[in-house]
Number of protein chains: 2
Amino acid sequence: MTPYRELTMEQLTEEKTLLEKKFARIKAQNLHLDMSRGKPSEAQLDLAMGMMDVLSSTSNLKCEAGVDCRNYGVLDGIPEAQELLADMTEVPANQIIIYGNSSLNVMFDTVAHSMTHGVMGSTPWCKLDKVKFLCPVPGYDRHFAITEYFGIEMINIPMTEDGPDMDLVEKYVNHDEAVKGIWCVPKYSNPQGITYSDETVRRFARLKPAAKDFRIFWDNAYGIHHLYDDKQDHLIEILMECKKEGNPDMVYKFCSTSKISFPGSGVAAMAASPANLEDIRKHMRIQTIGHDKLNQLRHVRYFKDIHGMVKHMRKHADILRPKFEAVLNILDDELGGLEIGSWIRPRGGYFISFDALPGCAKAIVAKAKEAGVVMTGAGATYPYGKDPQDSNIRIAPSFPTPEELAIAAEIFVLSVKLVSLDKYIAEKAS
Amino acid sequence: MTPYRELTMEQLTEEKTLLEKKFARIKAQNLHLDMSRGKPSEAQLDLAMGMMDVLSSTSNLKCEAGVDCRNYGVLDGIPEAQELLADMTEVPANQIIIYGNSSLNVMFDTVAHSMTHGVMGSTPWCKLDKVKFLCPVPGYDRHFAITEYFGIEMINIPMTEDGPDMDLVEKYVNHDEAVKGIWCVPKYSNPQGITYSDETVRRFARLKPAAKDFRIFWDNAYGIHHLYDDKQDHLIEILMECKKEGNPDMVYKFCSTSKISFPGSGVAAMAASPANLEDIRKHMRIQTIGHDKLNQLRHVRYFKDIHGMVKHMRKHADILRPKFEAVLNILDDELGGLEIGSWIRPRGGYFISFDALPGCAKAIVAKAKEAGVVMTGAGATYPYGKDPQDSNIRIAPSFPTPEELAIAAEIFVLSVKLVSLDKYIAEKAS
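Every chain is numbered on its own, with residues counted from 1 as its sequence reads. Key to labels: chains lettered from A, ligands numbered from 1, both in the order written. Where local features are concerned, this predicted model is filtered to residues with pLDDT of at least 70; where side-chain atom pairs are given and counted, the filter is 80 or more; whole-chain, interface and lining totals use all residues. Hydrogens and waters are ignored; side-chain quantities use all the structure's heavy atoms.

**Student:** Kindly report on the interface of chain A and chain B, identifying the contributing residues and their values.
**Tutor:** Taken residue by residue, the interface counts 60 residues in chain A and 60 residues in chain B. Here the buried area means the combined drop in accessible surface, using a 1.4 Å probe, for two parts upon being joined, counting both sides. Carbon and sulfur atoms supply 54% of the area that chain A and chain B bury against each other, a total of about 4900 Å² over both sides. Should a side-chain nitrogen of Lys or Arg be within 4 Å of a carboxyl oxygen of Asp or Glu, the pair is scored as a salt bridge. Scanning the region where chain A abuts chain B turns up two salt bridges. Measuring nitrogen to oxygen at the nearest pair gives 2.8 Å for the salt bridge that ties R70 of chain A to D46 of chain B. The contact criterion used is simple: two residues touch if any of their non-hydrogen atoms lie within 4.5 Å.

Structure follows, in structure tokens:
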């Protein structure tokens, strides 16, 4: 196909007329399709319905340690849940705390108590003139919302195909004491699906932070969320790597079963060094008497062990893979060669990241919405919702049915084409 | 019986010798009994086992509003859970937010976000030189732990049989802008089992706080936790009362099903004015995508409605009542007339509050522990763990079996007697 930018004014307007007719036809169908959030589909949720049966009124509701899971207590989580989630995120079972249903909540609370009480005895961040976080971009909007909420200055760090630009990360972390954290989704990153390379992880572990209370917020949200059995990314385990490099306390690692069992009713966890965990328990002991142990028990009795969980994730992959491929194939077929956008083929996770021509993302999302397709707001993948290039769009193919997805993807590429045509027409006209 | 203080030195030592023999006999049994925490017993937990069966793999897991409870979303809680907990705490269903498994966590978070972000636009408390909370005493140790954790100065407000000393409350709240809150357990209070009188609630509602961000933290933990069907305390509903008095935003009301369904896996809630709830949603939206809706659904499907819950609470009462009465009867029988302690007969809640002779509480708790009975630490019912009189002891009769409880109560009264005898002997000797 000829790249759009090489077309003449006449060719551009001709193509536009053609596509607008097509767009009008689809718009007339009054569709309502949602590709905005990384939300599992009903078919995926159905996979774990057996979990509703593992605890019954005749079950023994004591955990292995003999504690009655119905009653108060057990701050760290029941031992068998610690083991399951520790295996899931590849850490020792004594280096993990099990929480409630939301790892986002755990991250929020971790930043909140750093604000009010500091980190392992450091000055509370709210007492400092300036606190900064590094934000690999494009990234996860809810991470950025937390740091924005607490008035933390966010600094964009461009992503490369190996992870964040580590030259920049090192420059900031090793020389600016105000830099207290960095948001990372290190495996099948949100939204690009990039897994940090071995070298990137090692450079993280070798950081020499100017601030002793600097922490890597390692959101391992998609640790076992592969799309393929034969093509899987591998991520070096960061806690051990930091320990090896003499930086055992530098990282908080988060994970959850939200996209394994049920998004609303999963189990979240945080892994960290013993010293960090002790610091965290200090405030957790004040905050709660313990999290929902019956739900922890439910998860363990259902999955049994990490092998059970891995097998379960293959079923998720079987549902997700065709959806990702459908979208990617439409992108390839419809946009390949036009040079009006680029995208990455992820091997796992929940998103496809699309980079439009500069200045086109907002218009594309608006255009798609006109025809009934809701996308993540353009800019959402950047701190403060500001994509300096107005280029990145996050595509979330998980929730719609395959049929809906095919139409939604068609509308999306049509929107990309129309907005890109407009851009070139305007440029040529001026 | 002759009051101990009227006994001669000879009578005192004679009694002491006698009781010490008895104490030694019991001590030799090597008992391990726990009257320290307000923890439901196994028999109580068994009451709600049916809840483990209401959701199964064949259940419809959509809430009334049609939302799939397994998936993300629904910040305020599912409508039917809102209705159930709103009825439980006597507020309109649109004035309540349903949370996770712990109301303590909700209170902690409420103080935390007041620290970092203020209340409805007020200066964040962490930016103020001084923040104070009023603490009716004796009170709940975990409340005091939260305010202590955040460096909030706590001011003791003595409890009367009608609730907190309202003259003092008015003096502080209406004239000191640094006073930002008061901890209240208004019904079957922890530990005394006192319910605030109508007049007390009205005086709360009529407060004219010097600080516009002053809030009453109304922890309605025992709202339907009666011990008797025929003798029930009544508490005026505070939200409506505050609204009537032109103070709609002055109160946060907390409750949970921890002592109704399961302490570890219940559902917590907060009721407040629409303006307060909107303020709270502002930070909740950043903190989480939503709480565990399946557990909300489980509660609603099991209890059906408030009537179902009230019937369920009668079963709890049937288990708790004999335990309370056993302890109270032993106190009456063994300590009545000795004038070495006083206590209140509660009509609900989880505790019996015992006031020993001044300076004796710590020694009594230590003595009881010698014989294998763990009580709540003396002082725990006061801010900073400091009971100025060293007099108050909280008795929690819920967890032990009736048989265990009879022995534990015997050991307790024995400890009270021995420590009181020591006190009088020392006084007479000096």
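Structure shown, so let's carry the discussion forward.
**Student:** So what's going on with the sheet that holds strand β11 (residues 352–356) of chain A? Which residues, and what values?
**Tutor:** Residues and elements named next belong to chain A. Each pair of strands is called paired provided DSSP finds at least two bridges between the two strands. Secondary structure elements are defined from DSSP: runs of H or I of at least 4 residues count as helices, runs of E of at least 2 residues count as strands, and each element is numbered from the N terminus. The strand order across the open sheet built from three strands is β10-β11-β13, with neighbouring strands paired in antiparallel fashion. Both edges of this open sheet fall to β10 (341–343) and β13 (392–395), since each of them pairs with a single strand only. Each strand axis lies, on average, 25° off the axis of its neighbour in the sheet, ignoring direction. As paired elements, β10 and β11 share three bridges and run antiparallel to each other. A fitted line through C-alpha atoms serves as each axis, taken over the contacting stretch for helices, and the angle formed by two N-to-C directions is quoted from 0 to 180°.

**Student:** Run through the relation of the copies chain A and chain B, naming residues and quoting values.
**Tutor:** Mapping chain A onto chain B is achieved by rotating through 180° and translating by 0.0 Å along the same axis, at an RMSD of 0.0 Å. A rotation of that kind, with that shift, is consistent with a two-fold axis. Taken together, the interface assignments show that 100% of the residues at the interface of chain A recur at the interface of chain B, consistent with an identical surface on both copies. Least-squares superposition aligns the copies on the C-alpha atoms of those residues with pLDDT at or above 70 in both.

**Student:** Which residues make up the packing of aromatic side chains, and what values go with them?
**Tutor:** Classification of ring pairs uses Phe, Tyr and Trp, with its six-membered ring standing for Trp, and accepts pairs whose centres are within 6.5 Å; under 30 degrees between planes counts as stacked, over 60 as edge-to-face, and the remaining range as tilted. Here the structure, examined in full by the defined rule, presents 34 aromatic pairs over all chains. The interplanar angle of 70° and the centroid separation of 5.1 Å between the aromatic rings of Y302 of chain A and F303 of chain A together place this pair among those described as edge-to-face. Across the pair, F303 of chain A and Y302 of chain A agree in class, each one buried. On the numbers, 5.6 Å between centres and 50° between planes, the contact of F133 of chain B with W183 of chain B is tilted. Of this pair, F133 of chain B sits in strand β3 (residues 132–137) while W183 of chain B sits in strand β6 (residues 179–184), and the two are 50 residues apart along the sequence. We note that F133 of chain B, like W183 of chain B, is buried. Type-normalised accessible area, obtained with a 1.4 Å probe on protein chains alone, sets the label of each residue: buried when under 20%, exposed when over 50%, and partly exposed for intermediate values.

**Student:** Can you break down the nonpolar core residue by residue, with the values?
**Tutor:** With 117 residues, the main nonpolar core has F204 and W218 of chain A together with F204, I216 and W218 of chain B as its most contacted residues. With residues near it in sequence (within four places) discarded, F204 of chain A still touches P164, M166, V169, I182, C184, Y196, I216, W218, I238 and M250 of chain A. Residues belong to a common nonpolar core when they are buried Ala, Val, Leu, Ile, Met, Phe, Trp, Tyr or Cys residues joined through side-chain atoms within 4.5 Å. F150, I152 and W183 of chain A together with I286 of chain B belong to the second-largest nonpolar core, a separate cluster that totals 74 residues.

**Student:** Describe the environment of L84 of chain B, and please don't skip the residues or the numbers.
**Tutor:** Along the chain, the position of L84 of chain B falls in helix α3 (residues 79–88). If we skip the residues at most four places from it in the chain, L84 of chain B touches H299, V300, F303, D305, I306 and M309 of chain B.

Purely geometric numbers; function is a separate question.
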